[in-house]
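Report on the structure
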Amino acid sequence: MRLPPLLALLCACVATFAADRKPNILVILSDDQGYADVGFNGGKAVPTPNLDALAASGVRCTSGYVSHPFCSPTRAGMLTGRYQQRFGHENNPAYNPADAVAGLPLTEKLVPQFLKEAGYKTGWIGKWHLGATPAHTPWARGFDQTYGFIGGGHSYSDWNIDLKKEYNVPLTRDGQATTEVPAHLTEAFGQEAAAFIRRNAGAPWMLYLAFNAPHTPHMPTVEREKQFADVKDPVRRKCLAQISLLDDAVGTVTKALAASGQTQDTLIFFFSDNGGTPPSLGADNTPLRGNKGMVYDGGIRVPFVVSWPAQLKAGSTYAQPVSSLDVAATALTLAGVPLPTERKLDGVNLIPFLKGEASGLPHANLFWRTGGGQSYAVRSGNWKLVRNGKQPDELYDLATDIAEAKNLAASQPEVTSRLAADLSAWNKELIAPLFESPKGGKAPAKKGKK
């Protein structure tokens, strides 16, 4: 049936608007979550129906990596789209509001700053851990709606506010300290994110939702811990209960998207900030080797999902290596922001690869370095080279040895030499750490050399 001219024109305009609409960008981080501690990676220990539904709505990246094996450097890399070692952010900053060095350098421009210029509403909720001076805070780095804590960790409930204790500092709202002590922090972050989504419907917007769960201290609600009473190890039991609360909070967020009609037009990234902790602290990284702090895959390969119902096929998997560094280039490209030319971005726009429109690998190599050179790794296709201290280089074929159990360096000398040369060339582009991680909760006595 032929439509009347006016109605046909109206339909065409609506279709054009839908096609041209800039997507919302939602980045959800968990903290120290084990590779096997989610249903969509085959985990059975804790039900994660909301995270599993998110994975089913989009693409599960089975070789999804972060750019560092512990907290703050990964966040710095994700928000800049650059290897954080390029600008000296290789360690965790101490919580010190007077330290102008320990934090994400002010010379770096962050994703929300680019997106604000493109007309996006921007928000941060959760954990910051990227510097504590006024100039380093999220409301000074491009986020105009904010709620959370500035340090590297926090109690989840029943804390006594203390300006000097990192895990007891006041929560902040839009740049102002509050006296709020929610019933449970994980639930509060989910509710705040849902409110942001409802408040900014039709924007577009970008929200960085950085949960601190299931990072220690393990403080689930009593009711939720009882649901895991059959788990004998109390540390593991509490960790699983915290993951369950995290899953509920993600459900609060996805339900708010659906209720406000924004699901189709929202690009969601979900991943952990690094690999899970050792089992003694509650995580399960099966079948990977190692844990948080290591450059074996247990420290850097994480649960990783990209969902965008309007563009990505539901229930898909993508096996090629992708990185948290890709968030920036993907977001800026979709927002119509020209990628910066004055600084090198290390990530790529993932959407053409996830849609099957781009052939080849998103990355010829992915690199890691910790401690200014204490350990290194490089992944190239299915090959991965690991260098720990002064030990001989190790080589693994991840296609047949996901657990990195069989060192092939001696039998594959050409591959080992090639990856070692690539690693050396990349390392020459980096600088030394600008600050050291705090020891024993105290700021280091001296800074790293520039």
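Refer to the structure presented above.
Below: a short report on this structure. As the structure is a computational prediction, the values presented were derived from the model and not from experiment.

As for the packing of helix α5 (residues 185–199) against helix α7 (residues 234–259)
Running from N to C, α5 and α7 point in directions that differ by 10 degrees, and their axes come no closer than 8 Å. Judged by the inter-axis angle, α5 sits roughly parallel to α7. Of the residues in α7, those in contact with Thr186, Glu187, Gly190, Gln191, Ala193, Ala194, Ile197 and Arg198 of α5 are Leu245, Leu246, Ala249, Thr252, Val253, Ala256 and Leu257.

Digging into the pairing of strand β5 (residues 145–149)
Within β5, five of the five residues are buried, leaving the element largely enclosed by the surrounding structure. Burial of β5 is two-sided: the residues Gln145, Tyr147 and Phe149 facing one way and the residues Thr146 and Gly148 facing the other way are all buried. As defined by bridge partners, strand β4 (residues 121–127) adjoins β5 across five bridges and the pair is classed as parallel. Paired with glycine 126 across the strands is glycine 148, a residue of β5. Bridge analysis of β5 against strand β6 (residues 172–173) gives two bridges, and the strand direction is antiparallel. Each bridged residue has a counterpart across the sheet, and for glycine 148 the counterpart in β6 is threonine 172.

Brief notes about the packing of aromatic side chains
Evaluated as defined, the whole model comprises eleven aromatic pairs. Pairing phenylalanine 196 with tryptophan 205 gives two aromatic rings, centres 5.7 Å apart and planes at 90 degrees, and the pair type is edge-to-face. Each of the two residues, phenylalanine 196 as well as tryptophan 205, counts as buried. Taken together through their ring pairs, the aromatic side chains of Trp124, Trp128, Phe143 and Tyr208 make up a single cluster. The ring centre of phenylalanine 114 lies 4.3 Å from the NZ or CZ of lysine 109, which sits over that ring.

Concerning empty space enclosed by the protein
Over the atoms rolls a probe the size of a water molecule, and in doing so it shows where empty space is left. A full pass over the atoms with the stated rule returns three cavities of 30 Å³ or more. Size it by volume and the largest cavity reaches roughly 40 Å³. In terms of lining residues, the largest cavity is bounded by Pro93, Ala94, Tyr95, His129, Leu130, Gly131, Ala132, Ile150, Gly151, Gly152 and Glu166. When the residues that make up the lining of the largest cavity are grouped by side-chain class, the tally is six nonpolar, four polar and one charged.

Some details on the nonpolar core
Core analysis: the biggest nonpolar cluster contains 46 residues, and Val27, Trp128, Tyr208, Phe269 and Phe271 have the highest contact counts within it. The element best represented in this core is helix α9 (residues 326–334), accounting for five residues. Not counting chain neighbours up to four residues away, the residues in contact with phenylalanine 271 comprise Val27, Ile28, Leu29, Ser30, Val66, Met78, Val302, Pro303, Phe304, Ser324 and Val327. Judged by nonpolar contacts, the second largest core, of 33 residues, contains Trp159, Ile197, Ala213 and Ala256.

What about the sheet that holds strand β10 (residues 304–307)?
Sheet architecture is open: ten strands sit in the order β7-β6-β5-β4-β8-β1-β9-β10-β2-β11, paired in mixed fashion. Whereas interior strands pair on both sides, the edge strands pair on one side only; in this sheet they are β7 (176–177) and β11 (316–318). Across the sheet, α7 touches β1 (24–30), β8 (205–210) and β9 (266–272), and the angle it forms with β1 is around 175 degrees.

Comments concerning the pattern of salt bridges
Inspection of the entire model under this criterion finds 23 salt bridges. The partner of glutamate 429 in a salt bridge is arginine 86, and the shortest N-O contact between them spans 2.8 Å. Residue glutamate 429 is located in the segment after α11 (413–427), and its partner arginine 86 is located in the loop between α3 (71–80) and α4 (111–117); the two are separated by 343 residues in the primary sequence. The buried category is assigned to arginine 86, whose relative accessible area is 14%. The salt bridge partner of arginine 369 is glutamate 90, with a shortest N-O separation of 2.7 Å. One end of the pair, arginine 369, is in strand β13 (residues 366–370); the other, glutamate 90, is in the loop between α3 and α4, and 279 residues separate them in sequence. One exposure class covers both arginine 369 and glutamate 90, and it is buried.

Brief notes about the pairing of strand β15 (residues 383–388)
Bridge count for strand β14 (residues 375–380) against β15 is six bridges, and the pairing is antiparallel. Along β15, the bridge assignment pairs arginine 379 with lysine 384. Where β14 hands over to β15, the hairpin turn is made up of two residues, of which glycine 381 adopts a positive phi near 60 degrees. Two elements, β15 and strand β16 (residues 394–397), share four bridges in a ladder whose sense is antiparallel. Its bridge partner being in β16, valine 386 is matched across the sheet by glutamate 394. Counting the residues that bridge the hairpin from β15 to β16 gives five residues, and of these glycine 389 lies at a positive phi of roughly 60 degrees.

About the cut-offs
- Residues numbered from 1 in each chain as written.
- Predicted model: local features only at pLDDT ≥ 70, side-chain atom pairs only at ≥ 80, totals over all residues.
- Heavy atoms only, no water.
- Axes fitted to C-alpha atoms, helices over the stretch in contact; angles between N-to-C directions.
- Helix = DSSP H or I, 4+ residues; strand = E, 2+ residues; numbered from the N terminus.
- Parallel < 35°, antiparallel > 145°, perpendicular 65-115°, else oblique.
- Contact = heavy atoms within 4.5 Å.
- Buried < 20%, exposed > 50% of the residue type's maximum accessible area, 1.4 Å probe, protein only.
- Pairing = 2+ DSSP bridges.
- Phe/Tyr/Trp six-rings, centres within 6.5 Å; stacked < 30°, edge-to-face > 60°.
- Lys NZ or Arg CZ within 6 Å of the ring centre and 35° of its normal.
- 1 Å grid on protein atoms, 1.4 Å probe; cavity = no way out; pocket = protein on both sides within 12 Å on 5 of 7 lines; lining within 4 Å.
- Points joined across faces, edges and corners; volume = space filled by probe spheres on them.
- Nonpolar A, V, L, I, M, F, W, Y, C, P; charged D, E, K, R; others polar.
- Core = buried A, V, L, I, M, F, W, Y, C linked by side-chain atoms within 4.5 Å.
- Salt bridge = Lys/Arg side-chain N within 4 Å of Asp/Glu carboxyl O.

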